[in-house]
Amino acid sequence: MTLADPLRVVLAGAGNMGRAWGRTIEGAPDVELAGIADIDPGAAEAAAAELGRPVAVGTDAVALAASTGARAVVDVTVPAAHHPVTTDALFAGLDVLGEKPVAETVAQALSLAAASQVTGRLFMVSQSRRWNPQLFALRAMAEDLGAAGSLTTEFFRAPRFGGFREEMAHPLLVDMAIHAFDSARFVLGAEPVSAYCETHNPPWSWYAGDAAATAVFAMEGGARYTYTGSWCAPGRQTSWNGEWRLSAEKGSAHWDGDHEPVLDAEVEPTPRPPALFSGIEGSLLVFTDALRTGVPPMGEVHENVLSLAMVEAAVQSAETGRPVLLDEVLAEAHAEALRTESNPDVKDALASWPNVREVLTAATHP
Ligand SMILES: NC(=O)c1ccc[n+]([C@@H]2O[C@H](COP(=O)([O-])OP(=O)(O)OC[C@H]3O[C@@H](n4cnc5c(N)ncnc54)[C@H](O)[C@@H]3O)[C@@H](O)[C@H]2O)c1
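Right, let's walk through the structure included here.

Reading guide: rules and limits
- Residues numbered from 1 in each chain as written.
- Predicted model: local features only at pLDDT ≥ 70, side-chain atom pairs only at ≥ 80, totals over all residues.
- Heavy atoms only, no water.
- 1 Å grid on protein atoms, 1.4 Å probe; cavity = no way out; pocket = protein on both sides within 12 Å on 5 of 7 lines; lining within 4 Å.
- Points joined across faces, edges and corners; volume = space filled by probe spheres on them.
- Helix = DSSP H or I, 4+ residues; strand = E, 2+ residues; numbered from the N terminus.
- Nonpolar A, V, L, I, M, F, W, Y, C, P; charged D, E, K, R; others polar.
- Near = heavy atom within 4 Å.
- Polar contact = N/O pair within 3.5 Å; in protein donor to acceptor, adjacent residues only side chain to side chain.
- Buried < 20%, exposed > 50% of the residue type's maximum accessible area, 1.4 Å probe, protein only.
- Pairing = 2+ DSSP bridges.
- Right-handed = clockwise from strand over helix to strand, strands pointing away.

Looking at empty space enclosed by the protein
With a probe scaled to a water molecule rolled over the atoms, the places where space remains empty come into view. This structure, assessed with the given rule, holds three cavities of 30 Å³ or more. Along the walls of the largest cavity sit 13 residues, with Arg 129, His 179, Ala 180, Trp 240 and Asn 241 positioned nearest its centre. Among the elements of the structure, β7 (148-156) and α7 (171-188) are those that each provide at least two residues to the lining of the largest cavity. It is α7 that provides the largest number of residues to the lining of the largest cavity, a total of four residues. Of the residues assigned to the lining of the largest cavity, the class counts are seven nonpolar, five polar and one charged. Approximately 50 Å³ is the volume attributed to the second largest cavity. Every residue lining the second largest cavity is listed: Val 125, Gln 127, Arg 130, Trp 131, Asp 182, Met 298, Gly 299, Glu 303 and Asn 304.

Below is the structure:
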């Protein structure tokens, strides 16, 4: 796969985050925004008007890509639309960079991983908080600190969003904690084995669902990752990344989520080049590089699915009061994907997977 010319992309979804993506694509070297698609034509037109130059608009990303000569889609639609919009794009021969979460359910995420295999197109999930140079520095410290014991994230904030987040059953776990879960996998270089989670809704909460959660994950290699947080926490606020502590064999590392992490250990840090990317600009750069080099990037769909599986495992545990094995979540999702898949080629690909975890972790690994 080579790209001599700028990568022409269609933006699908022109809501809050879609407009941020529109500005990022406009500012990116070697990428051209060919069009904006939204099922709400007014949203697409408003996003185009903000750019201050004529941009094609439409209601269907694939049709718009065909008429504008775009070869990739940036999918920033609502989570429920990720599966249909990305599937259509992949089967139209387009590569896709999609917002988190990869899909609404792990079953749909597995279907997308199989669709990417069947079509041979790249589907990368933009998990923007992973593309943070400070997080890369924390991971480098983790590598220098030897065996990991405990990694913790505290997340306490009090945003008033209004809208869907205040109506969801598990707003903190489903909408926000996925960023931290994804970062924890990256920092530890280890995949989750089991989850135990309790959620509750403090009496003063302005959310309908449980706005507070504490989850403990056993990770491969034996470390424990603990996430505790609340989205209705007046008083001292953590950063949006949360506050992190790693306790390991040779010492500890600490990150407040906004500044460089701090190492507390008698070890000589291994010199490493600084990370040159961050946020959604970073995702876009990594995506375009991957298309040019053909090397699967971090965030490639297979690699991302376990972050969503951690969310599903935590929600299941909170609802049943029992620990949940990640392999059970993957097996149930695989069975559901096989039951519900409508594309015969994707179904065959899913059926050929001998072991879901192995398929997910073999493709790319941090
Ligand atoms: N990485 C981050 O930090 C971050 C922050 C906010 C949102 N997000 C993610 O970005 C995505 C969008 O969130 P948002 O806040 O912009 O939501 P939003 O509701 O503001 O906008 C979503 C848009 O998608 C459109 N849409 C729905 N179905 C569509 C379809 N089939 N085709 C085309 N357009 C369709 C809607 O009409 C709407 O305009 C979500 O997946 C969300 O989780 C990520």
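Having seen the structure, we can now continue with the description.
Description of the layout of surface pockets
Within this model, the second largest pocket holds a volume of roughly 340 Å³. Phe 136, Ala 137, Ala 140, Arg 272 and Pro 273 are the residues nearest the centre of the second largest pocket, which is lined by 19 residues in total. With nine residues, helix α6 (residues 133-144) is the single largest residue contributor to the lining of the second largest pocket. Partitioning the lining of the second largest pocket into residue classes produces 12 nonpolar, two polar and five charged.

Focus: the site of the ligand
Around the ligand there are 20 residues in total, and Met 17, Asp 38, His 82, Lys 100 and Ser 128 lie nearest to it. At a separation of 3.1 Å, an oxygen atom of the ligand approaches a polar backbone atom of Asn 16. Here a nitrogen atom of the ligand and a side-chain polar atom of Glu 99 are 3.3 Å apart. Taken together, the elements giving at least two residues each to the shell around the ligand come down to α1 (16-27) and α4 (79-91). Considering every element that reaches the shell around the ligand, the biggest residue donor is α4, with four residues. Classifying every residue of the shell around the ligand by side-chain character gives nine nonpolar, eight polar and three charged.

Quick word on the pairing of strand β4 (residues 72-75)
The alternating pattern of β4 places Ala 72 and Val 74 and Val 73 and Asp 75 on opposite faces, both of which are buried. Sheet analysis places strand β1 (residues 7-12) next to β4, joined by four bridges and oriented parallel. Paired with Val 10 across the bridge in β4 is Val 73. With four bridges joining them, β4 and strand β5 (residues 95-99) adopt parallel strand pairing. Each residue of the ladder has a partner; that of Ala 72, found in β5, is Asp 95. Following the chain from β4 across α4 to the adjacent parallel β5, one finds a crossover that is right-handed.

Remarks on unusual backbone geometry
Among all residues except glycine, the phi angle is most often negative; among peptide bonds, the trans geometry is most common. In this structure, the amide linkage connecting Lys 100 to the following residue, Pro 101, adopts the cis form with an omega of -10°. Its identity is not glycine, yet Asp 30 carries a phi of approximately 65°, on the positive side. Position of Asp 30 among the secondary structure elements: in the loop between α1 and β2 (31-37). Judged by relative accessible area, which is 46%, Asp 30 ranks as partly exposed.

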